[in-house]
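Structural overview
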Amino acid sequence: MKQEELFTLALGLQAPWFVDRVEFINAGEREVLHLYVDYKRGIELAGLDGGKYKAYDHRERTWRHLNFFQHECYLHANVPRVKQADGTIQQVHVPWAAEGSSFTLLFEGYALALCKYGLSLSATGAMLGVDGRVIGRIIRRYVTEALHAQPLAQVKVMGIDETSSRKGHNYLTILTDMDRKKVVGIGEGKDEEAFLQAIEQATLRGVSAQHVETVVMDLSPSYRAAAREHLPHADIVFDRFHLEQMISKAVDEVRKQEAQHTVELKKTKYLWLRNESSLTAKQRLEVKFLCYTYPTLGKAYRFKEWFKQIANNNEPVEATALLKEWIKLANRSKIEPIKKVAKSFKAHWTGILHYFITRITSAFVERVNLKIQEIKRLAKGYRNIKNFITMIYFHLGNLDLPTHIKR
């Protein structure tokens with residue numbers, strides 16, 4: 001079998017396309033492989049309108065392909081153009097590359113696969129011998145096409161959360177489909193306008209705000225106002241993790257106040273934030289001793305652990321009764337940070353009640369946030385926020401990539 005026939009098989013080319021010529025050209029310290037593709041002359045070619053036509057003329061094109069062993073590889077072809085029935089002249093589609101791309105489908109598919117499995121754009125580019133920004137443009141094209149072509153199923157349970165996009169006070173608002181485990185909308189910022197941007201993206205892909213039944217969020221006033229206005233039929237749920245976080249912050253405030261008068265509490269922050277059940281025997285003894293030594297801090301800590309017990313109670317009626325008792329006693333505790341939490345719980349009672357009824361948590365939302373921060377860390381940050389949003393959709397949008405890159 002001739003080498004041209006071997007490369008025709010290796011590229012998966014089918015009639016009328018074939019490799020006509022193979023050249024190895026010395027380029028400094030390496031040899032570059034050039035494959036010249038041609039088609040069987042005299043046949044009729046498919047136009048974009050579905051008709052069959054003889055070639056009108058040709059345009060020379062070059063595409064970067066995956067390396068063959070250690071050799072950098074390029075495909076070359078004189079791509080025919082046809083004159084269609086309406087008189088327009090169109091270039092025919094070639095089966096090895098997307099329209100307008102200077103890379104083969106297999107090159108692009110391999111690049112996307114490397115990024116999907118955890119490599120950064122720069123690392124992928126280094127592996128394939130191109131600039132990382134080139135890989136970013138390839139991903140952006142596929143993601144953009146997928147977002148336009150792939151409608152969303154109706155979202156019944158929606159998660160809303162904020163995540164930092166850069167150091168400082170730069171944020172993104174992330175909407176997730178909690179049932180299908182994917183990101184469905186992203187807005188720049190963490191206010192009502194950002195929420196509107198995100199919900200508009202979801203709406204353009206087919207999500208109806210009228211069909212959203214439950215929305216899970218933290219106690220952000222802007223998100224609450226936006227959800228009430230734009231998700232009119234959704235019950236707002238404040239999940240337990242955000243509530244526990246509020247109490248933990250209150251306990252830490254008490255610790256900081258007590259630590260002003262003693263060095264004994266200076267390095268014990270995470271001791272108080274951890275669940276009592278996760279402490280070692282030695283740590284439990286230390287907490288017990290410190291609770292006895294610093295009774296105000298000990299009392300705040302017991303409020304934290306009591307709330308966890310209430311949140312673990314699977315009987316909604318009993319749990320809500322216990323939470324009302326928790327709020328009453330917290331208000332009488334004379335511990336200002338704990339009293340502040342109690343007042344907030346009372347003010348947001350309906351959303352908290354919905355948690356005890358539905359038991360829906362933001363665990364998936366928090367996993368999304370962690371993954372987003374990992375995406376940011378791999379890239380060492382994104383100067384262009386649009387690129388960051390593209391990568392979030394790429395990794396977390398559960399998009400179906402075109403079939404030709406799934407080989």
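Structure shown above.
Owing to the predicted nature of the structure, the values given are computational and were not obtained by experimental measurement.

Looking now at the nonpolar core. Residues Leu-231, Trp-272, Leu-323, Trp-326, Phe-345 and Ile-392 are the most contacted members of the largest nonpolar core, which totals 98 residues. Per-element accounting of this core gives the leading share, eight residues, to helix α15 (residues 385-396). Aside from chain neighbours lying at most four places away, what touches Leu-323 is Phe-307, Ile-310, Phe-345, Trp-349, Ile-352 and Phe-356. In this structure, Leu-11, Val-19, Cys-73 and Val-79 belong to the second largest nonpolar core, which totals 23 residues.

Every α-helix carries 3.6 residues per turn, so stepping three or four residues along brings you back to the same face. With twelve residues, α15 extends 16 Å from end C-alpha to end C-alpha; this agrees with the ideal 16 Å at 1.5 Å per step. Most of α15 sits inside the fold, with ten of its twelve residues counted as buried. Here α15 starts with a cap whose side-chain oxygen sits 2.8 Å from the backbone nitrogen of Lys-386, and that cap is Asn-384. Backbone geometry just after α15 places Asn-398 at a positive phi near 50°.

Sheet analysis places strand β5 (residues 55-68) next to strand β6 (residues 71-83), joined by eleven bridges and oriented antiparallel. Directly across from Asp-57, in β6, lies its bridge partner Arg-81. Where β5 folds back onto β6 in an antiparallel hairpin, the turn is made up of two residues, including Phe-69, whose phi is positive at roughly 55°.

The next point concerns the side chain of His-395. You can see His-395 is positioned in helix α15. Apart from residues no more than four positions distant in its own chain, His-395 is found in contact with Cys-115, Lys-116, Lys-371 and Ile-375.

Within the fold, Asp-177 resides in strand β9 (residues 170-177). Side-chain polar atoms of Asp-177 contact the backbone nitrogen of Asp-179, separated by 3.0 Å. Discounting residues that sit within four places of it in the chain, Asp-177 has contacts with Gln-154, Val-155, Val-157, Lys-182, Val-184 and Phe-364.

Here we take up the packing of helix α4 (residues 132-149) against α15. Running from amino to carboxyl end, α4 crosses α15 at an angle of 65°, the nearest separation of the two axes being 10 Å. Helix-helix and strand crossings are classified by hand; for α4 and α15 the assignment is left-handed. Here Ile-139, Arg-140, Val-143 and Leu-147 of α4 come into contact with α15, specifically with Asn-387, Thr-390, Met-391, Tyr-393 and Phe-394. The class makeup of the residues in the contact of α4 with α15 is six nonpolar, two polar and one charged.

To continue, consider the packing of helix α5 (residues 192-204) against helix α6 (residues 221-230). Packed helices, taken two at a time, are described by the angle their axes make and the gap between the axes. Running from N to C, α5 and α6 cross one another at 45°; their axes reach a closest spacing of 8 Å. One element, α5, and the other, α6, form an angle in the oblique class. You can see that α5 and α6 cross each other, and the crossing is right-handed. Contacts between α5 and α6 pair Glu-192, Phe-195 and Leu-196 from the former with Ser-222, Ala-226, Ala-227, Glu-229 and His-230 from the latter. By residue class, the composition of the contact of α5 with α6 is four nonpolar, two polar and two charged.

Right, let's talk about the pairing of strand β10 (residues 182-188) for a bit. Where burial is concerned, most of β10 is hidden: six out of the seven residues are buried. Examined bridge by bridge, β9 and β10 share six bridges and lie antiparallel to one another. Among the inter-strand pairings, Leu-172 is bridged to a residue of β10, identified as Glu-188.

Take helix α2 (residues 105-116) next. The terminal C-alpha atoms of α2, which comprises twelve residues, lie 16 Å apart, in line with the 16 Å expected from a rise of 1.5 Å per residue. The elements touched by buried residues of α2 are β5, α3 (121-128), α4 and α15. Backbone geometry just downstream of α2 places Gly-118 in the positive-phi region, at approximately 115°.

So, on to the environment of Arg-274. Along the chain, Arg-274 falls in the loop between α8 (269-273) and α9 (281-293). On the accessibility criterion, Arg-274 (33% relative accessible area) is partly exposed. The spacing of Arg-274 and Asn-170 is 104 residues in sequence and 29 Å in space, taken between C-alpha atoms.

Going through the model one piece at a time under the given rule, you end up with 17 salt bridges. Its salt-bridge partner being Arg-21, residue Glu-23 comes within 2.3 Å of it at the nearest N-O pair. On the basis of relative accessibility, which here comes to 25%, the residue Glu-23 falls in the partly exposed class. A salt bridge links Arg-180 to Asp-177; the nearest nitrogen and oxygen atoms lie 2.9 Å apart. When salt bridges with common partners are traced through the structure, they connect Asp-57, Arg-59 and Arg-81 into a single cluster.

Criteria and thresholds
- Residues numbered from 1 in each chain as written.
- Predicted model: local features only at pLDDT ≥ 70, side-chain atom pairs only at ≥ 80, totals over all residues.
- Heavy atoms only, no water.
- Core = buried A, V, L, I, M, F, W, Y, C linked by side-chain atoms within 4.5 Å.
- Buried < 20%, exposed > 50% of the residue type's maximum accessible area, 1.4 Å probe, protein only.
- Helix = DSSP H or I, 4+ residues; strand = E, 2+ residues; numbered from the N terminus.
- Contact = heavy atoms within 4.5 Å.
- Expected span 1.5 Å × (residues − 1).
- Polar contact = N/O pair within 3.5 Å; in protein donor to acceptor, adjacent residues only side chain to side chain.
- Pairing = 2+ DSSP bridges.
- Axes fitted to C-alpha atoms, helices over the stretch in contact; angles between N-to-C directions.
- Left-handed = near helix turned anticlockwise from the far one by under 90°.
- Nonpolar A, V, L, I, M, F, W, Y, C, P; charged D, E, K, R; others polar.
- Parallel < 35°, antiparallel > 145°, perpendicular 65-115°, else oblique.
- Salt bridge = Lys/Arg side-chain N within 4 Å of Asp/Glu carboxyl O.

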